[in-house]
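Read off the chains here:
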Amino acid sequence: MSDVLLKVDNLKTHFFLDEGVVPAVDGVSFHLNRGETLAVVGESGSGKSITSLSIMRLIPSPPGRIVGGSIYFNGQDLLKLPEKEMRRIRGNKISMIFQEPMTSLNPVYRVGDQIAEALINHQGVNKKEAMEKAVEMLRLTGIPSPEKRAYEFPHQMSGGMRQRVMIAMALSCRPELLIADEPTTALDVTIQAQILELMQELQEKFGTAIIMITHDLAVVAEMADRAAVMYCGKVVEEATVEELFEKPLHPYTRGLLASIPRVEEEVDKLYMIEGTVPNLMHLPAGCAFAPRCPEAESRCHRARPELVEVSPGRKVSCWLVEGGAG
Amino acid sequence: MLRYFLKRLLMLIPVLLGVSLFVFLVLHLLTPDPALVVLGQHATAEQAEALRESLGLNDPLYVQFGRFLWDLLHGDFGRSLMTHAPVLEEILARFPATVELALAAIIIATVVGVTVGVISAVKQYSIFDYLSMIGALLGVSMPIFWLGLMMIIVFSLTLHLLPVNGRIDIGMEPAHITGLYVVDSILTGNWESLKSALKHLVMPATALASYSTAIIARMTRSTMLEVIRQDYIRTARAKGLKEKVVIYKHALRNALIPVVTVIGLQLGVLMGGAVLTETVFSWPGIGSRMVDAILASDYPLVQGTVIFTATVFVVVNLIVDLLYAWLDPRIKYS
Ligand SMILES: Nc1ncnc2c1ncn2[C@@H]1O[C@H](COP(=O)(O)OP(=O)(O)OP(=O)(O)O)[C@@H](O)[C@H]1O
Ligand SMILES: [Mg+2]
């Protein structure tokens, strides 16, 4: 079996609205190896969530539709699977946890039942066994007295607890891939650290590969092996985390890195990337980042650079990078 | 839970007291002299005065009200001026017919309303959605007596499929157990009676259900539309559940919480006697009885019926509120 678990190639997911077509994801490519953690970073609206929902094939339709590309998971193109087989993958081989732990659990069912549901659905176990496994999963996520907590309703739990429940649910069937869409953004800082630690611990235990979506670069440094930087529905840079932090190639990546607050430097004003993310319906003709790029030249405004491999495993789409955009 | 229940029961007291006072005052201030109703136009002044005295109508109003309340508490609603039978007996004799009609209507309204509402929401902006929402608009705006008459003209007078009026063919009444003919027929295995009872029930129940069906369908559609956009629905899909399970287990259960209130309110209203429907179909329930009583100025019967109806209404609503506890674990009763 190859090392590549997931290979997303030229994925395009568009939203067809009355006002026009929104190319929320427009040619995204990246890959993920077994057991590794890939961080997907980028500003709000860059298409991170839509990319992950596309992998799950859970794009709200209408108005959204995957209009092109392929998503190879274990060598099988998910976009070609019938819905019935896709359902066997969701929650079983690929799981997802979301940003909003407060609203991601069904308020009218006990949390244990909600975890057990995934097990009954995919593993053909009976209700009793499923409930026992659910309690076991809750124990693994570090929830105290899980045998009692399993019978509680979501509203009886804090946000951090609920996110642990979501993690227990997502990992209950031992998926090969976990997509975590900003799993800690809505939580307190101390709880954030605990949840991230928990995810790392369970990843080691189960060998799960993780796609970690975040706009927090500290999380990237902490958790990820590699990172893909997204801007306006495209991946603009892909690299190992070390490379990315040491020598960011894309001006957008440099901008993101420069805007991290540093403890050792007393700065009066935090660096911010100038300007705002352009409207996806009216993207500039050239590089989408050119209007905000401090280094942009005239060709940047004229033509769009491709994502090209500049050194093994290292990709960037920028005219200014030696060998980039060929 | 028990404490909440008792508290709610206690709260019924001021409500029912208020209703009693209101009914009492309205009837005493606005209705013609009951003595004349009983004795007729040609009674002498002395006869009328004697009757008034014996009925206690010459006492101050508050004394009369006090006596009225005291009697109510003893289950004494007075006697009908028309039949001289105790009012409560009159009402209870008619109540099963009303309950049967109301239950049939609410079952139709709930099943049809919820189903249509769910499908409309899941297939928003489809032809089904448009047609059913036009239907719902008709349902809330169509006068019931007109709908009832149209049904009678089509199904009874033209097609001769269904009887025009009444609860059952004469002589077909099943043995009395609950007083609901459909239920009693089933309990006694009397299929001929069941057939007759259902034939009589279907038109009035459908006519009566039209308004509630429309309300429930609209409400279900709008709450479903809201619920299926929720994050936990996305979570359910991400678990790999079948769309049917996502909709009927995860979404509908949440969407039903507000719908149950509406169903409960509708049931409360229907239980109070569907005056128009019962009149159009000559359905022998408390609604049509009340119309007779009003026309005959039988004020003890009117008074008793209104208070009885109000009691049924608040009790039904109390039961619905308790149903909430089962549907929505977030509600804490205290
Ligand atoms: N249902 C929708 N209808 C229309 N456009 C949508 C819809 N969902 C997303 N989009 C568009 O897709 C773009 C990308 O959205 P996405 O949620 O993937 O961003 P993101 O990178 O996850 O941002 P954030 O960091 O805020 O979560 C958005 O700019 C939005 O305009
Ligand atoms: Mg997002």
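Just so it is clear, the model here is predicted, and its values are computed rather than measured.

Participant: Help me understand the environment of V15(B), please; the structure alone is not making it clear to me.
Facilitator: Residues and elements named next belong to chain B. In this structure, V15 sits in helix α1 (residues 2–30). Judged by its relative accessible area of 40%, V15 falls in the partly exposed class. Expressed as a C-alpha distance, the spacing of V15 and T115, which sit 100 residues apart in the sequence, is 35 Å.

Participant: Hey, could you run me through the interface of chain A and chain B in this one?
Facilitator: Interfaces are frequently sized by the accessible area removed from exposure as the parts join. With 24 residues of chain A at the contact, the number on the chain B side is 20 residues. Regarding the contact of chain A and chain B, the summed buried area is about 2,100 Å², with carbon and sulfur atoms giving 58% of it. Sorting the residues of chain A by area buried against chain B places V108(A), Y109(A) and E117(A) first, and these three jointly supply 27% of that buried surface. Our enumeration of links across chain A and chain B arrives at three salt bridges. Residue E117(A) pairs with K239(B) through a salt bridge whose shortest N-O separation is 2.6 Å. For the pair chain A and chain B, the interface holds 15 residue pairs in polar contact (both at pLDDT 80 or more). Sorting the residues of the side of chain A that touches chain B by element identifies α1 (48–56), α3 (111–123) and α6 (159–171) of chain A as the ones contributing at least two each.

Participant: Explanation requested: the packing of aromatic side chains in the structure shown.
Facilitator: Inspection of the entire model under this criterion finds seven aromatic pairs over all chains. Taken together, a centroid distance of 6.2 Å and an interplanar angle of 35° make the contact between F65(B) and F68(B) tilted. Pair noted here: F65(B) and F68(B) are both in helix α4 (residues 61–73), with a separation of three residues, about one helical turn. Under the relative-accessibility criterion, F68(B) is labelled buried at 11%. In this structure, R167(B) is placed above the aromatic ring of Y181(B), and the distance from its NZ or CZ to the ring centre is 3.8 Å. Its end group placed over the ring of F98(A), R234(B) keeps NZ or CZ at 3.8 Å from the ring centre.

Participant: Sorry if this is basic, but what is going on with the sheet that holds strand β4 (residues 64–73) of chain A here?
Facilitator: The strands making up a sheet associate through backbone hydrogen bonding, with each pair oriented either parallel or antiparallel. Residue and element names in this part refer to chain A. Strand order in the open sheet made by the four strands is β2-β1-β4-β5, with antiparallel pairing throughout. The open sheet terminates on both sides in strands that have one partner only, identified here as β2 (20–33) and β5 (76–77). Two elements, strand β1 (residues 4–17) and β4, share eight bridges in a ladder whose sense is antiparallel. Its bridge partner lying in β4, D9 is registered against S70. On top of the sheet, α1 reaches β1, β2 and β4; it is set at about 110° to β1, its chief contact.

Participant: Whenever I open this one, the packing of helix α5 (residues 87–122) of chain B against helix α9 (residues 191–227) of chain B confuses me. Can you help?
Facilitator: Between two packed helices, both the angle of their axes relative to each other and the distance between the axes serve to describe the pair. Residues and elements named next belong to chain B. One way to put it is that α5 packs onto α9 with a least axis distance of 6 Å and a crossing angle of 35°. When the axes of α5 and α9 are compared, the crossing they make is right-handed. When its residues are assigned to classes, the contact of α5 with α9 shows 19 nonpolar, eight polar and two charged.

Participant: Teacher, can you tell me more about helix α13 (residues 286–295) of chain B here?
Facilitator: Because each turn of an α-helix spans 3.6 residues, side chains separated by three or four positions end up pointing in the same direction. All names here are of chain B. Residues of α13 that are buried include every one of I286, G287, S288, R289, M290 and A293, and no others. As for α13, its buried residues are in contact with α5, α11 (243–271), α12 (275–280) and α14 (299–327). Downstream of α13 by a residue or two, S297 has a phi angle that is positive, lying close to 50°.

Participant: What is the right way to look at the state of the cysteines in this model?
Facilitator: By definition, a disulfide links the sulfur atoms of two cysteine residues through a covalent bond. The tally for this structure, following the rule as stated, stands at zero disulfides over all chains. In this structure C300(A) is a free cysteine whose sulfur lies 6.0 Å from that of C318(A), the closest cysteine sulfur available.

Participant: So what exactly am I meant to see when it comes to the environment of R65(A) here?
Facilitator: Residue and element names in this part refer to chain A. By the secondary structure assignment, R65 is in strand β4. Each C-alpha atom, one on R65 and one on R110, is 34 Å from the other, the two residues being 45 residues apart in sequence. Non-local contacts of R65, meaning those with residues more than four positions away in its chain, are made with K12, T13, H14, F16 and I59.

Reading the values: rules and limits
- Residues numbered from 1 in each chain as written.
- Chains lettered and ligands numbered in written order.
- Predicted model: local features only at pLDDT ≥ 70, side-chain atom pairs only at ≥ 80, totals over all residues.
- Heavy atoms only, no water.
- Helix = DSSP H or I, 4+ residues; strand = E, 2+ residues; numbered from the N terminus.
- Buried < 20%, exposed > 50% of the residue type's maximum accessible area, 1.4 Å probe, protein only.
- Contact = heavy atoms within 4.5 Å.
- Buried area = accessible area lost by both parts, 1.4 Å probe.
- Salt bridge = Lys/Arg side-chain N within 4 Å of Asp/Glu carboxyl O.
- Polar contact = N/O pair within 3.5 Å; in protein donor to acceptor, adjacent residues only side chain to side chain.
- Phe/Tyr/Trp six-rings, centres within 6.5 Å; stacked < 30°, edge-to-face > 60°.
- Lys NZ or Arg CZ within 6 Å of the ring centre and 35° of its normal.
- Pairing = 2+ DSSP bridges.
- Axes fitted to C-alpha atoms, helices over the stretch in contact; angles between N-to-C directions.
- Left-handed = near helix turned anticlockwise from the far one by under 90°.
- Nonpolar A, V, L, I, M, F, W, Y, C, P; charged D, E, K, R; others polar.
- Disulfide = S-S within 2.5 Å.

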